[in-house]
Amino acid sequence: MSKTILITGAASGFGKIAAFDLAKRGHKVIATAEVYPQMSDLIREAKDSGIELIADKLDVTDSRDIEYIINKYEIDILISNAGIMEGGPIAEQPLDLVRYMFDVNVFGGLQLAQGFIKKWVNQKKAAKIVFTTSMGGLWTVPYVAAYCASKHAMESIAEGLKTELVQFNIKIATCNPGVFGTGFNDRGVDSIFRWYNPEKNFTPPTAFDGAADSLKDQLDPQSMADTIVNVALDENSNFRNVHPKETEDFVKQLQAEAWTAKS
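Residues numbered from 1 in each chain as written. Predicted model: local features only at pLDDT ≥ 70, side-chain atom pairs only at ≥ 80, totals over all residues. Heavy atoms only, no water.

This next bit is on the packing of helix α1 (residues 13–24) against helix α8 (residues 221–233). Where α1 meets α8, the closest approach of the two axes is 9 Å, and the angle between their N-to-C directions is 55°. As far as their axial angle goes, α8 and α1 are oblique. Pair α1 / α8 crosses with right-handed handedness. Between α1 and α8, the residues in contact are Phe14, Ile17, Ala18, Asp21 and Leu22 and Pro221, Gln222, Met224, Ala225, Asp226, Ile228, Val229 and Leu233, respectively. Tallied by class, residues from the contact of α1 with α8 come to ten nonpolar, one polar and two charged. (Axes fitted to C-alpha atoms, helices over the stretch in contact; angles between N-to-C directions. Helix = DSSP H or I, 4+ residues; strand = E, 2+ residues; numbered from the N terminus. Parallel < 35°, antiparallel > 145°, perpendicular 65-115°, else oblique. Left-handed = near helix turned anticlockwise from the far one by under 90°. Contact = heavy atoms within 4.5 Å. Nonpolar A, V, L, I, M, F, W, Y, C, P; charged D, E, K, R; others polar.)

This part covers the packing of helix α3 (residues 63–72) against helix α4 (residues 95–123). Contact geometry of α3 with α4 gives a least axis separation of 10 Å together with a crossing angle of 30°. The angle between the axes of α3 and α4 places the two elements in the roughly parallel class. The element α3 and its partner α4 pack so that their crossing is right-handed. In contact with Ser63, Ile66, Ile69, Ile70 and Asn71 of α3, α4 contributes Gly108, Gln111, Leu112, Gly115, Phe116 and Lys119. When the residues that make up the contact of α3 with α4 are grouped by side-chain class, the tally is five nonpolar, five polar and one charged.

Within this model, the second largest pocket holds a volume of roughly 220 Å³. When residues of the lining of the second largest pocket are traced back to their parent elements, those giving at least two are β5 (127–132) and α8. Tallied by class, residues from the lining of the second largest pocket come to five nonpolar, one polar and six charged. (1 Å grid on protein atoms, 1.4 Å probe; cavity = no way out; pocket = protein on both sides within 12 Å on 5 of 7 lines; lining within 4 Å. Points joined across faces, edges and corners; volume = space filled by probe spheres on them.)

Position of Gln114 among the secondary structure elements: in helix α4. For the pair Gln114 and Ile70, spaced 44 residues apart in the sequence, the C-alpha separation amounts to 9.8 Å.

If you want it as structure tokens, here you go:
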């Protein structure tokens, strides 16, 4: 059965791949992007690919955008995928960058979800939300602790929503990507050096020596987009969906080790 699916952060990465794949399957897709040039690119690329979808502007930090989108569309599934990464040592990271990251990754996603949830409850409509979180929502990656904190927050919010909304037949799931080559992780590393100055900051430059190696063998994002699509369409999906399996096993090992770690 065809579904109406709204995807945030669909200008690139997992969101874009998932939007196009869902549209190819015959679903009505509203692919949203932060700014109008991205929206125009989506329209053009979909047309060139012979894909029918709706592109619209949605900056999840803009309350007017959120209100407009909630009022305009009736949807069955929300894929809350928009997110940013600001990297760097949490001991020194500028707080305005941390606040903005939480505005995008946490408050924007929550405000949009609340708006659609209220509509669904009033309409007595079964529906689903899939949050793209991160493996960093389940453990803390060194030197991106603030980003991981925002994803930990979304994991907690998703768990709360799952419990609260069972009675309304609204399902919640999370998708937790490992390290995939969308460019997202690379830009997160780039963001550090827009403010970090070894002459002013006490964190030594050697702290970032492993960054390039950690990004060397990133995975093909298609398989993660496939996971997001499958979770969105599966009426009996797992709540938490870490991909790939190797990342799931690694995270579980780290979570077990946390119980015996010393301060």
